[in-house]
Amino acid sequence: MKVIYHVDAVEMWPMTLGNVRNMLDWLHQNEQEYQIEVLANGPAVKAYLSDGLTDAMQVVMAQEKAEGVLFAACNNALKAQHITPEMLIEKTVIVPAGVIELVQKQQEGFAYIKP
Amino acid sequence: MKVIYHVDAVEMWPMTLGNVRNMLDWLHQNEQEYQIEVLANGPAVKAYLSDGLTDAMQVVMAQEKAEGVLFAACNNALKAQHITPEMLIEKTVIVPAGVIELVQKQQEGFAYIKP
Amino acid sequence: MKVIYHVDAVEMWPMTLGNVRNMLDWLHQNEQEYQIEVLANGPAVKAYLSDGLTDAMQVVMAQEKAEGVLFAACNNALKAQHITPEMLIEKTVIVPAGVIELVQKQQEGFAYIKP
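Here is what the cut-offs are and how they apply
Residues numbered from 1 in each chain as written. Chains lettered and ligands numbered in written order. Predicted model: local features only at pLDDT ≥ 70, side-chain atom pairs only at ≥ 80, totals over all residues. Heavy atoms only, no water. Contact = heavy atoms within 4.5 Å. Buried area = accessible area lost by both parts, 1.4 Å probe. Salt bridge = Lys/Arg side-chain N within 4 Å of Asp/Glu carboxyl O. Polar contact = N/O pair within 3.5 Å; in protein donor to acceptor, adjacent residues only side chain to side chain. Helix = DSSP H or I, 4+ residues; strand = E, 2+ residues; numbered from the N terminus. Buried < 20%, exposed > 50% of the residue type's maximum accessible area, 1.4 Å probe, protein only. Core = buried A, V, L, I, M, F, W, Y, C linked by side-chain atoms within 4.5 Å. Pairing = 2+ DSSP bridges. Right-handed = clockwise from strand over helix to strand, strands pointing away.

Undergrad: Explain the interface of chain B and chain C here, please?
TA: Interfaces are often described in size by the accessible area the parts lose on coming together. Facing 16 residues of chain B, the contacting portion of chain C comprises 17 residues. A combined buried area of about 1200 Å² lies between chain B and chain C, and 70% of that area is made up of carbon and sulfur atoms. Broken down residue by residue, the surface that chain B buries against chain C is led by M1(B), M15(B) and W26(B), which jointly contribute 35%. Our enumeration of links across chain B and chain C arrives at zero salt bridges. One can count three residue pairs in polar contact (both at pLDDT 80 or more) joining chain B with chain C. For the side of chain B that touches chain C, the secondary structure elements donating two or more residues are β1 (2-7), α1 (13-29) and β5 (111-113) of chain B. With six residues, α1(B) is the largest single contributor of residues to the side of chain B that touches chain C.

Undergrad: Quick question: what am I supposed to make of unusual backbone geometry here?
TA: Negative phi characterises most residues that are not glycine, and trans characterises most peptide bonds. Of note in the backbone geometry, K91(B) takes a positive phi value of approximately 65° without being a glycine. Along the chain, K91(B) falls in the loop between α3 (75-80) and β4 (93-95). By relative accessible area, K91(B) is classed as exposed at 68%. Its identity is not glycine, yet H82(C) carries a phi of approximately 55°, on the positive side. Position of H82(C) among the secondary structure elements: in the loop between α3 (75-80) and β4 (93-95). Residue H82(C) is classed as exposed on the basis of its relative accessible area of 70%.

Undergrad: What is the right way to look at the environment of A72(C) in this model?
TA: Residue and element names in this part refer to chain C. Residue placement: A72 occurs in strand β3 (residues 70-74). With a relative accessible area of 0%, A72 lands in the buried category. Between the C-alpha atom of A72 and that of Q58, which follows or precedes it by 14 residues, the distance is 15 Å. Here A72 is in contact with E37, V38, L39, A40, Y48, V93 and V95, once residues within four sequence places are set aside.

Undergrad: Could you clarify how one ought to interpret the nonpolar core in this entry?
TA: Soluble globular proteins: nonpolar side chains tend toward being buried together. Among the nonpolar cores identified, the biggest contains 126 residues, and W13(A), M23(A), W13(B), M23(B), W13(C) and M23(C) are the most heavily contacted of them. When residues no more than four places from it in sequence are discounted, the contact partners of M23(B) are V3(B), Y5(B), I36(B), I113(B), V99(C), I100(C) and V103(C).

Undergrad: Honestly, the pairing of strand β3 (residues 70-74) of chain A in this entry has me stumped. Any pointers?
TA: Two faces make up the sheet, and in a regular strand the side chains alternate between them. Residue and element names in this part refer to chain A. Most of β3 is tucked away, with four of its five residues classed as buried. Note that strand β2 (residues 35-40) and β3 share four bridges and pair parallel. Of the residues in β3, the one forming a bridge with L39 is A72. Regarding topology, helix α2 (residues 55-66) serves as the crossover connection from β2 to the parallel β3, and that connection is right-handed. Judged from the three bridges that link them, β3 and strand β4 (residues 93-95) form a sheet pairing that is parallel. Residue pairing for β4: A73 is matched across the bridge by I94. In this region the chain leaves β3, passes through helix α3 (residues 75-80) and returns to the parallel neighbour β4; the handedness of that crossover is right-handed.

It is worth stressing that arrangement in space is one thing and function is another; only the former is reported here.
Here it is in C-alpha cells:
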C-alpha cells in the first residue's frame, strides 16, 4: 500500500496525523507492507519547527516516523516562511517543490489523500 | 465511471451532495454506468445521524442513495464520535478504516474527489 | 507531466495559483513538457469574473495562462452563480460538469491536486 497525504493548512495536522495513525493500525493488523509519505506545503510546513505542534501531536508524529512514515516539506514553502533547514525537527525530508512530489508519487502508483 | 468522494468536515456535505447530483445528472444524460461512493471520516460521519443534515439535504442524499450511490462511514470516526451502528440512517455502509477504503478504491481505478 | 488542480473555494485561489507557479518554475528548470488544468467549481468560479481576483492575482493567472495552463469553469457552478459566458475573462474554458472533468482527466493519467 502506497499513499501520499497532502497537508497545506496548519490546522489540518491533527486530522492528518490521526488519519495516518488509523492507517498504520489497520496495516499492522493486516500485516501489509506500506510506503506512507506526508507532504506539507504552504503554511503547513511550520509544523516541522520544534514548537510547530502541540506536545501531544509531536508524540504522535514521532511515533509514526518510528514506524517508517516519511514527513516531507516543500522547499518553496520553507523559503516563503523564512525557515532554514537547520530549524527543522530531525528526519524531515526536504523536496524541491511539493506539488511536483505529489504528482511524481501519484505517477508511481501512490494513492492521494487530502485530509 | 468510478469515483470516490472524500468528506471529513460537516460543512462540506452540501457541496459534496451537490457535486454528486451534478455528476448523476450528467451520467444519466450520457447513459453511462457508474460506481459512486461517498466516504465520510472525521466529524463528517455525524451527517449519518437521523438529525445530522437539514431536511433538504436529507432528501438529496436519499435520492442519490436511490440512484445507487454508496454512503460509507469510517468505523474509527464513528467510535471517536460515540456513534453506534444502530444510530445511523438506513443503508449506511460501515468500513473499518476510511483512509484504507480511500486507498483501496483508488487502487481499483476509482478517481478521487475531495470537495 | 499531467496535472489537474481542483479549486472550489474562493479563498483557495492564491494558494492554487502559487502552487501552479512553483510547478511551472520546476518544469521549466527541468525542461519537462506539461499539461496543467485548473478546474473551478462551486463559488470558486467567481474568480473568472473581471473583478474576481485582486490585481496581483490576476497578473499571476494571466502569466500562467500565457505559459499554457488551462483555466476551466464548471457550467453548473456558473449557472448557480448567475454568471453568463460573456461575463468571463478571456480564454476561460467552460466544461459541462466540473466533477466529470475531474474524473475524466484522472482516467487519462492526470494527477489530482486539491490545494
